[in-house]
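Reading the structure
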Amino acid sequence: MEKRFHDDLYETLKRCKFRTLGVYISKEKMQQQYSYPVHPYLSSIQLICERLIWNDEKDFRWCFESRGTREDKVYEEGLRRQERYGYIDPALPMYLSNELKKLNISAVFRTKKHFVSGLDIADTAAYCMGSIIRKWELGVSDFWPFSERIARLLFGRIFHERAIVILP
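Anyway, here's the lowdown on the structure attached to this text. (Residues numbered from 1 in each chain as written. Predicted model: local features only at pLDDT ≥ 70, side-chain atom pairs only at ≥ 80, totals over all residues. Heavy atoms only, no water.)

1. Regarding the pattern of salt bridges
In plain terms, the rule: By definition, a salt bridge exists where a carboxyl oxygen of Asp or Glu is found within 4 Å of a side-chain nitrogen of Lys or Arg. By definition, any uninterrupted DSSP run of H or I lasting at least four residues is a helix, any uninterrupted run of E lasting at least two residues is a strand, and each is numbered from the N terminus. Exposure classes here rest on a 1.4 Å probe applied to the protein chains alone. A residue is buried below 20% of its type maximum, exposed above 50%, and partly exposed in between.
Applying the stated criterion across every chain yields a total of five salt bridges. Measuring nitrogen to oxygen at the nearest pair gives 3.7 Å for the salt bridge that ties Glu11 to Lys14. Of the two residues, Glu11 and Lys14 both sit in helix α1 (residues 2-15), three residues apart, roughly one turn of that helix. With a closest N to O distance of 4.0 Å, Lys73 and Glu77 form a salt bridge. Here Lys73 and its partner Glu77 are both found in helix α4 (residues 69-85), four residues apart, which amounts to about one turn of the helix. Since its relative accessible area comes to 30%, Glu77 is described here as partly exposed.

Okay, here's the thing in structure tokens:
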């Protein structure tokens, strides 16, 4: 039954037209390495933006899973800073600021109750990516035996080198 579900999920994702970029941040390592670490979600947003500047397309529509009014405002303000100044947070590197200002990102925030398929795909991608990275870093087995196959589909054949950024 699980194999049949995985095969159906795999085939469905294969037919969808979207690009997946992922960022994995070890919050524990960030706390150990930096005295005043930048918010991990803001770091993630900037890293993804830095990958997007190499695309020919400069207009993007992002759907964020709402974390609450206060948290959503932090992300919105970060994206506004990126649009105006070329950085999400002043503590992050600004060497690509002129390029980052060229991106046009419109963001919407939705909760799980909205049943947005993009959020479900993002959850699946994050789960598979986290499982693979745990396997690399800790040498433990996958949470889900099919996670590597899904991760390779979503992030590309050499996903650990191109599409996933691991911090710090």
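2. Considering the packing of aromatic side chains
By convention here, two paired aromatic rings are described through the distance between centres and the angle between planes. The condition is simple: Pairing of aromatic side chains here covers Phe, Tyr and the six-membered ring of Trp, requires ring centres within 6.5 Å, and sorts the geometry by plane angle: under 30 degrees stacked, over 60 edge-to-face, intermediate tilted.
What the rule picks out here adds up to five aromatic pairs. Arranged with centres 5.7 Å apart and planes meeting at 70 degrees, the rings of Tyr41 and Tyr75 form a pair that is edge-to-face. Remark: Tyr75 occurs in helix α4 and Tyr41 occurs in helix α3 (residues 40-52); sequence separation between them is 34 residues. Of the residues examined, Tyr41 reaches a relative accessible area of 31% and is grouped as partly exposed. Taken together, a centroid distance of 5.7 Å and an interplanar angle of 55 degrees make the contact between Trp62 and Phe64 tilted. Judged by relative accessible area, Phe64 falls into the buried class, the value being 15%. Through a chain of ring-to-ring contacts, the aromatic side chains of Tyr41, Trp62, Phe64, Tyr75 and Phe109 assemble into a single cluster.

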